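Descriptive structure summary
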Amino acid sequence: MASYKLSINGSTHAVEADPKMPLLWVLRDLLNLTGTKYGCGMAQCGACTVHLNGNAIRSCSMPVSAVGNQKITTIEGLSTDNSHAVQQAWIAEQVPQCGYCQTGQIMSAVALLKRNPNPTDRDIDMAMQGNLCRCGTYPRIRKAIHKAATLMKPPAKSF
Amino acid sequence: MQNTNSINRRAFLKLSGLTGAALTIGFYFPALAEESASIITAETADSLGIALNAFISIDKNGKVSILNHRSEMGQGSFQAVPQMIAEELEVSLDQVSINFAPGHQNKYGSQLTGGSSTVRGAYKHLLRTGATAREMLLEAAAKKWNVPKEECYALKGEVIHRPTNKKIGYGELVEEAAKLTPPKQVTLKERKNYTIIGKPLPRQDTPLKVNGKAEFGLDKKLPGMLYAVVERSPHFLGKIKSYDDSAVKTMPGVKHVIKVQMPVFNTTREGIAIVADNTWAAMQARKALKVEWDTTGFEHLDTTGLYNRMKEDLKKPGLSQRTGGNFEGMYAKAAKKLEAVYETPYEAHACMEPLNCVADVKDNKCEIWGPIQAPDWIQRDLADRLKMPVENIAVHMTFLGGGFGRKAFTDYTTEAALISKEIKAPVQVVWTREDDMNQGPFRPGAVYECKAGLNNGRIAAFQTKMAAQNMNHQWPHADKSNFNDSTTEGLPEAFINGIDHYSFSDIPTESPIPVMWWRSVYSSTNGFAYESFMDELAHAAEKDPLDFRRQHLREERYVALIDMLEEKTGWKSRGKNSGWGVAITECFKSIVGEAVKVSKQADGKLKIDRIVAVMDCGWYVNPDIIKAQVEGSIVMALGAATNHETHFTDGKAVEQNFHQYQMPRISDVPDIEVYIIENEEKPGGVGEPGLPPFAPALCNAIFDLTGKRIRKLPFNMNEV
Ligand code: FES
Ligand code: FES
């Protein structure tokens, strides 16, 4: 057991954990942040996707000891009121079915749009390939990411 | 049904978050005949001691609460039920909230969510319940104003007096309305006047599913709850010969190591539960466990052996499900004869949320939380196994991260309850992905032998034999001389009606592998055989595949569906061998036609260009949910057709996780076009019928493009 101070969604959380415990289980079992999901435990499905310094990572495969003082964002930290453009787009396109994979999908989509504000279908397919959805919401995910890209565009400057 | 504590109105009010006076009505079944539900108020039910299906309640603030008796696993029953109630009650959807009903067969009828039955089973009662409440509120307002009821109408949660435009909110009427006797007859709205039903309204659960707040089974936490994983026999039966947990017990966080049993149909699988103070600790400790299994009497079968057995079985006479005319006689003298054998694989359900269950057993009471499709069955099963009265068992349904049939079973809940009972603490049993994928029960694979004779370009005689495990034969004391009543599942009823000489039979293949329902059940494999064979027959008859189906499906609904498929695909103007394929199946009273267009890319690999689906599910509630369900069904079918399969070796499942069981990814799936037929037919299923026609439509398209006939699933799209 070791002590860690983790920076999650803008605040610091102190935890006692086995250094090898994946961030996923720290979030879920020790901090009760259950929006991040367990799907495979081996970086195959993306259900556990969170951001580490703004990049999408699989929290099931990241030991807590490797996190250090890097900033973690989970689905709970995206907005307090579903106001994030990606959440808005997800609602507009009615993406979720069972919903289990969706928090991971959304975290991957947010990271993609940060890197690439105007992704093509191909860009989306490449970036989102690591996120499985057994309910088959893929066509709607593509539409929602395009929609979010539009929502995120700064309003055209008027002179 | 005369069960005095079934109504328990206070519990209902508590569950709905309602306080004080309210109008609460629901329906019950005086007799078992489903058509004759009676609608009464909670007060009357109380005084008569009647077990009420307490469905809706309106409180003093006009807030409407519905107790949903079905589980939500993605298919949208969360949405369909409120839409139906809101329509007839004349309230807007945002005035309605919904709660899951805890398991109780007496109160809610069967709660099993399976067979795409949520809307199908209860729609009339739900509509009538909404309409009855509306009429009672109208009557209460008329009384209050002392005006004729006919001068009043209801709109958006208010009663309005037409001549004076006076208005009063439902909340102010509930107390009076609750004293009235519900009218025996109510007039339901006409479809053309619907403002909520038939509209693509957004699902109410979506906001919860984009911010992590939707609570799935795995998210449930109780004070003092421990976490367990279970090492179960990798064979589908098996007792523990010996085990060594000395290393486990010293691992950090480990609280208990105990032996458990899990009933699976007529077998019992033993396992060792490792209980710890978090999931990870339990998983780590499990690795230190050493178990020796006793598999005496277990057959160490592998996939090749299993399929050889099915093929051997096809040589035996089948158990006949349906016959008409004289197949043998007609076939013998048919002008053209065709024969083909099709193979379909075993599959895991692979819900994104692995199985899990929270159980708290103490003081002769048991509470269960989890992703559950069959709360009432679980309740009865637990009462049996724990030897407790049914009313001491509460089953709570969380959101389900996928179900597809797997979560309609009782094994995982029983196991959790037994562990909690033994350790005397609340516990969450977590199935790892590997456990979820290798323990089954699986969709049964099947081999089909199809034969048909053609005369003058028409099918004169048609026969199929299916060799597959019969799910029903797995129960203790099952009568194995029973035929499989799902042998024709998936095949359009109109097809059978239009053929004079046919025979459908099955040979129940014996195997130690546990099998069960998988989205669309036997239709998921039958559809491939029947609709591929239909395509082969069309080619043999030198007919256009769509015309050939039109010729054999001569009923109005099919004709309308075929016309729409033709129009939406631009079927008539397609080029010769341009890679179009089509298939039509019927499943849970819905008819679905799907057409697929494939092409070869520069690198020679196959690509799906277009997928067009036409759904006829009769009267429906929410077109957007239907579209989503058809899209999802197609993606799942694509996986089972081209990507994944569960293999067995030495009597154990081979595939353990998603690196071996490769499900479709976003890059494998093009856009999917879904069209819905408008008609007034009885509602059919929505969550499953989109699945069966996809694989045959795809393979028929590949034949059209390449001339290569695929008769065995799954196949590799890159190697055709
Ligand atoms: S749980 Fe982390 S990728 Fe599947
Ligand atoms: S929405 Fe169910 S797994 Fe993606």
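For every chain, the first residue of its written sequence is number 1, and the numbers climb from 1 along that sequence. Lettering of chains starts at A and numbering of ligands starts at 1, both following the order in which they are written. Only residues with pLDDT of at least 70 are given local features in this predicted model, and only at 80 or more are side-chain atom pairs given and counted; all residues enter the totals for whole chains, interfaces and linings. Heavy atoms from the whole structure form the basis of all side-chain values; hydrogens and water molecules are not counted.

Looking at the overall build of chain A
Secondary structure summary: chain A contains five helices and five strands in total. By the criteria applied, helices consist of DSSP H or I runs no shorter than four residues and strands consist of E runs no shorter than two, each listed in order from the N terminus. Across chain A, helices and strands are ordered from the amino to the carboxyl terminus as β-β-α-β-β-β-α-α-α-α. Taking 159 residues into account, the globule formula puts the C-alpha radius of gyration at 15 Å, and chain A, at 16 Å, falls close to it. With respect to the three principal axes, the spread of C-alpha positions in chain A is 55 × 40 × 25 Å. We call two residues in contact whenever any of their non-hydrogen atoms come within 4.5 Å of each other. Taking the intrachain contacts of chain A between residues at least 6 apart in sequence as the baseline, contacts between residues at least 24 apart amount to 56%. By the counting rule applied here, Lys and Arg register as positive and Asp and Glu as negative, while His and the ends of each chain are not counted. Here the site of a charge means atom NZ of a Lys, CZ of an Arg, CG of an Asp or CD of a Glu. Across chain A, 16 positive and 9 negative side-chain charges occur, with their mean positions spaced 5 Å apart. Based on C-alpha atoms, the radius of gyration is set beside the globule rule, defined as 2.2 Å times the residue count to the power 0.38.

Describing the sheet that holds strand β25 (residues 606-616) of chain B
Residue and element names in this part refer to chain B. In space, the four strands of this open sheet follow the order β23-β24-β25-β28, with mixed pairing throughout. Two strands in the sheet have a free side with no partner beyond their single neighbour: β23 (580-587) and β28 (673-676). Each strand of the sheet is rotated relative to its neighbour by a mean of 15°, with strand direction disregarded. The rule for pairing is simple: two strands pair if DSSP sees at least two bridges between them. To obtain an axis, a line is fitted to C-alpha atoms, over the contacting stretch when the element is a helix, and the angle between two such axes runs from 0 to 180 degrees between their N-to-C directions.

With respect to the interface of chain B and chain A
Note: interface size is frequently given as the accessible area lost on complex formation between the parts. With 58 residues of chain B at the interface, the matching set in chain A holds 49 residues. Surface buried jointly by chain B and chain A totals about 4,700 Å² across both partners, of which 58% is contributed by carbon and sulfur atoms. Accessible area that two parts lose when put together, evaluated with a 1.4 Å probe and summed over both, is termed the buried area. The three residues of chain B that bury the most area against chain A are Trp280, Met352 and Ile666 of chain B, which together make up 18% of that side's buried surface. Salt bridges are defined by distance alone: a side-chain nitrogen of Lys or Arg within 4 Å of a carboxyl oxygen of Asp or Glu. Note that Asp29 of chain A and Lys221 of chain B form a salt bridge whose closest N and O atoms lie 3.2 Å from each other. N or O atoms within 3.5 Å of each other form a polar contact, as long as, within protein, one can give a hydrogen and the other can take it, and as long as residues adjacent in sequence are counted only when both atoms are side-chain atoms. Summed over the shared surface of chain B and chain A, the result is 28 residue pairs in polar contact (both at pLDDT 80 or more). Those elements giving two or more residues to the side of chain B that touches chain A turn out to be α7 (206-209), α9 (279-286), α14 (433-438) and α19 (623-642) of chain B. Looking at the side of chain B that touches chain A element by element, the count peaks at eight residues for α19 of chain B. Note on residue categories: nonpolar means Ala, Val, Leu, Ile, Met, Phe, Trp, Tyr, Cys or Pro, charged means Asp, Glu, Lys or Arg, and polar means any other residue, Gly included. Of the residues assigned to the side of chain B that touches chain A, the class counts are 30 nonpolar, 16 polar and 12 charged.

Some details on the UniProt feature "domain: Aldehyde oxidase/xanthine dehydrogenase a/b hammerhead" (unreviewed entry) in chain B
Using the residue numbers shown here, the UniProt feature "domain: Aldehyde oxidase/xanthine dehydrogenase a/b hammerhead" (unreviewed entry) corresponds to residues 211-297 of chain B. Across residues 211-297 of chain B, the secondary structure splits into 14% helix and 45% strand, with the terminal C-alpha atoms separated by 50 Å. UniProt positions are given in the numbering used here, feature names are shortened, and annotations may be inferred rather than shown by experiment.

Observations concerning unusual backbone geometry
Across the chain, the bulk of peptide bonds are trans and the bulk of non-glycine residues have phi less than zero. All names here are of chain B. Residue Pro441 is reached from Gly440 by a cis peptide bond, and omega for that bond is -15°. Mapped onto the elements of the fold, Pro441 is located in the loop between α14 and β20 (446-455). In the segment running from Leu713 into Pro714, the intervening peptide bond is cis, with an omega of -10°. As for its position among the elements, Pro714 is in the segment after α20 (694-706). Phi angles above zero are rare outside glycine, and Asn146 is one such case at about 60°. For every residue, the accessible area obtained with a 1.4 Å probe (protein chains only) is divided by the maximum for its type, and the residue is called buried under 20%, exposed over 50%, and partly exposed between those limits. Note on Asn146: relative accessible area 69%, which makes it exposed. Positive phi is not limited to glycine here, since Glu542 has a value of about 55°. Judged by relative accessible area, Glu542 falls into the exposed class, the value being 69%.

A few points about the sheet that holds strand β22 (residues 501-508) of chain B
Residue and element names in this part refer to chain B. Ordered in space as β14-β22-β21-β20-β15, the five strands form an open sheet in which the pairing is mixed. What marks the edges here is a single partner per strand, and that holds for β14 (319-324) and β15 (336-344). Strand-to-strand twist of the sheet, defined as the mean angle between neighbouring strand axes without regard to direction, takes the value 10°. Bridge count between strand β21 (residues 458-468) and β22: eight bridges; the pairing is parallel. Within the sheet, the bridge partner assigned to Ala467 lies in β22 and is Ile507. Sitting on the sheet, helix α10 (residues 303-313) touches β15, β20, β21 and β22, and the angle it makes with β20 is about 35°.

Some details on the domain arrangement of chain A
All names here are of chain A. The start and end points of each domain follow an automatic or database-based domain assignment. Partitioning chain A into structural domains gives domain 1 (2-76) and domain 2 (85-152). Taking only C-alpha atoms into account, the centre of domain 1 sits 21 Å from that of domain 2. Where domain 1 abuts domain 2, roughly 1,200 Å² becomes buried across the two surfaces, and 58% of that area is made up of carbon and sulfur atoms. The tally of links between domain 1 and domain 2 comes to zero salt bridges. Along the contact surface separating domain 1 from domain 2 lie six residue pairs in polar contact (both at pLDDT 80 or more). Only β3 (49-52) and β4 (55-58) provide two or more residues apiece to the side of domain 1 that touches domain 2.

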